[in-house]
Amino acid sequence: MNNVKVRFAPSPTGPLHIGGARSALFNWLFARHYGGQMVVRVEDTDLERSTVEYAEMILDSLRWLGLDWDEGIAVGGENGPYRQQERLEIYRPYVDKLLEMGQAYHCFCSGEELEAEREALLSRGELPRYMGKCRDLTIKERDDFCAAGKQPVVRFRVPEGRLLVVEDLVRGRVEFESDGIGDFIIVKSDGIPTYNFAVVLDDALMGITHVLRGEEHLSNTPRQILIYEALNFNLPQFAHISLILGEDRSKMSKRHGATSVVQYRQDGYLPGALVNFLALLGWSPEGEDEIFTVEELISRFSLKRVSKSPAVFNFDKLKWMNAHYIREASLERITELCLPHIQAAGLIENDLSPDRLVWLQQVVATVKEKLEFAGQSPELVRVFFGETVELADEEEAKIVIALESTPSVLNAFRDKALAFTEWDESIVRNTLKEIGKELGVKGKPLFMAVRVAVSGQSHGPDLNSLLALLGPALVAKRLEHTLGNM
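All values derive from a computational prediction rather than experimental measurement.

Observations regarding helix H6 (residues 195–205)
And then number 1: Along H6, eight of the eleven residues are buried, which leaves the element largely enclosed by surrounding structure.
And then number 2: Buried-residue contacts for H6 involve strand E1 (5–8), helix H3 (88–101), strand E8 (185–187), strand E9 (210–214) and helix H7 (221–230).
And then number 3: Gly 207 lies just past H6 and shows a positive phi near 70°.

Quick look at unusual backbone geometry
And then number 1: The step from Gly 80 to Pro 81 runs through a cis peptide bond, and the omega angle for that step is 0°.
And then number 2: Turning to its location among the elements, Pro 81 is positioned in the loop between strand E3 (71–72) and H3.
And then number 3: Residue Asn 3 is not a glycine yet carries a positive backbone phi of 55°.
And then number 4: Following the sequence through the fold, Asn 3 ends up in the segment before E1.
And then number 5: For Asn 3, a relative accessible area of 71% translates into the label exposed.

Thoughts on the layout of surface pockets
And then number 1: Taken as a whole, the largest pocket holds about 1200 Å³ of empty space.
And then number 2: Along the walls of the largest pocket sit 39 residues, with Ser 11, His 17, Gly 20, Glu 216 and His 217 positioned nearest its centre.
And then number 3: Breaking the lining of the largest pocket down by element, the ones donating at least two residues are E1, helix H1 (18–33) and E9.
And then number 4: Here the lining of the largest pocket gets six residues from one element, more than from any other, and that element is H1.
And then number 5: Looking at the lining of the largest pocket, its residues break down into 13 nonpolar, 16 polar and ten charged.

Quick word on the nonpolar core
And then number 1: If you look at the biggest cluster of nonpolar residues, it comprises 144 residues, and the most contacted ones within it are Ile 186, Phe 313, Leu 360, Phe 384 and Leu 467.
And then number 2: If one sorts the elements of this core by residue count, H1 sits on top with nine residues.
And then number 3: Beyond its immediate chain neighbours, meaning those up to four positions away, Phe 313 contacts Ile 18, Ile 244, Leu 245, Glu 247, Met 252, Tyr 264, Phe 277, Leu 281 and Leu 318.

Observations concerning the sheet that holds strand E5 (residues 153–156)
Across a sheet, strands are paired by hydrogen bonds formed along the backbone, either parallel or antiparallel in direction.
And then number 1: One open sheet holds the three strands; their spatial order is E4-E5-E8, and the pairing between them is antiparallel. If you trace the sheet from one side to the other, it starts and ends with strand E4 (104–107) and E8, each paired once. Neighbour-to-neighbour, the strand axes of this sheet turn through a mean angle of 45°, independent of strand direction.
And then number 2: Judged from the four bridges that link them, E4 and E5 form a sheet pairing that is antiparallel. Residue pairing for E5: Cys 107 is matched across the bridge by Val 153.

Rules behind the numbers
- Residues numbered from 1 in each chain as written.
- Predicted model: local features only at pLDDT ≥ 70, side-chain atom pairs only at ≥ 80, totals over all residues.
- Heavy atoms only, no water.
- Buried < 20%, exposed > 50% of the residue type's maximum accessible area, 1.4 Å probe, protein only.
- Helix = DSSP H or I, 4+ residues; strand = E, 2+ residues; numbered from the N terminus.
- Contact = heavy atoms within 4.5 Å.
- 1 Å grid on protein atoms, 1.4 Å probe; cavity = no way out; pocket = protein on both sides within 12 Å on 5 of 7 lines; lining within 4 Å.
- Points joined across faces, edges and corners; volume = space filled by probe spheres on them.
- Nonpolar A, V, L, I, M, F, W, Y, C, P; charged D, E, K, R; others polar.
- Core = buried A, V, L, I, M, F, W, Y, C linked by side-chain atoms within 4.5 Å.
- Pairing = 2+ DSSP bridges.
- Axes fitted to C-alpha atoms, helices over the stretch in contact; angles between N-to-C directions.

From the geometry alone we can't say anything about function, so treat these as descriptive.
This is the structure:
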């Protein structure tokens, strides 16, 4: 496939939604697979909700995911500008052309008139649409409306009796009857073009060959095809990707969990894991593999294996996948991800010395295998912080603390810990063995007693690593505290 050019054109009315990220990814994979180009532009004609801050946030999220682009915002190109608000003068001649050809007209209908028309159609069981009241106004009628101060919209004149066909690369042949569409608005009364009009002009003038987007846009496609035809533009190929659903199979929303890329980044997910996961939402590569490098995704991606069925966002699978990427990442990288969360929890100081950072890396190493995302780190490493601990409400912990041998074990380990100036895992291991031999205690009554007394829990990081990283002085303090509360 030659000269592929796709685009991602978000509306900056909020952070990058996970569905938008998936659309951007599919466009990017498609372009990179065929050696094509990707354009990123901003559709900011929603004046009330669009902000520059959201636009920058979206671009930053794309960069974080590793999705670069060849033309558009922050990159430039010969088809700019790449914000719709800066392209209004580009759109105007095409509006005039449609008006001159009689394929568009001014409409002066009020909101009340349109609502009454809508209710009447619904009461007859018909699809709501504009019935063409202003289609054939005389010049005098139009001048009278203007003299009365009415601001018109511009409507596209939809031909009657047409069968409009979309040969969709994902969904196959989809047909629409033009009689069910109604004349639609292409320019609002404030002079701002509507989405369906501006997107066609942008795609055509920028040479977009393939439009890959969510299936919610499928119903817009016949309107857009009519504009392409009226202006004699080349029609791109369309591919409409299925919706992303929550695990209850309803449309994904905040009640299912995080819905924006920013939130996953803040929670401490790795971009590679999120890209891998999103790629498999609606696309099924051959074979059973689920972990892919970016290069493998580019090589394997094909619209032929994109499903028509909705994709279900499985949070447990995302966490499993992210855990895999965490295990594969360097300890330095994961510590860097965990550090802001540990600091936000008030566990460690903001200004770390080099030695303290090395110590924290060793702490993170003890929980790295259990970590699903960096936001979990405060609870997993909390046991390494604080001079005292409280006994958890665990049956096993209570049983171990109540054993007859436990006070002797704890007193012996406290005394030995206080005698050390040097302290590491091998010393800890040998010390536990010595106490076991001296007291004739082994197994759970020995190891679990020390663990519960020092951590408050019957489970957690490797005991030798935990004790070594706490250091002898802090271990002794915690043992003293536990002994005092037995």
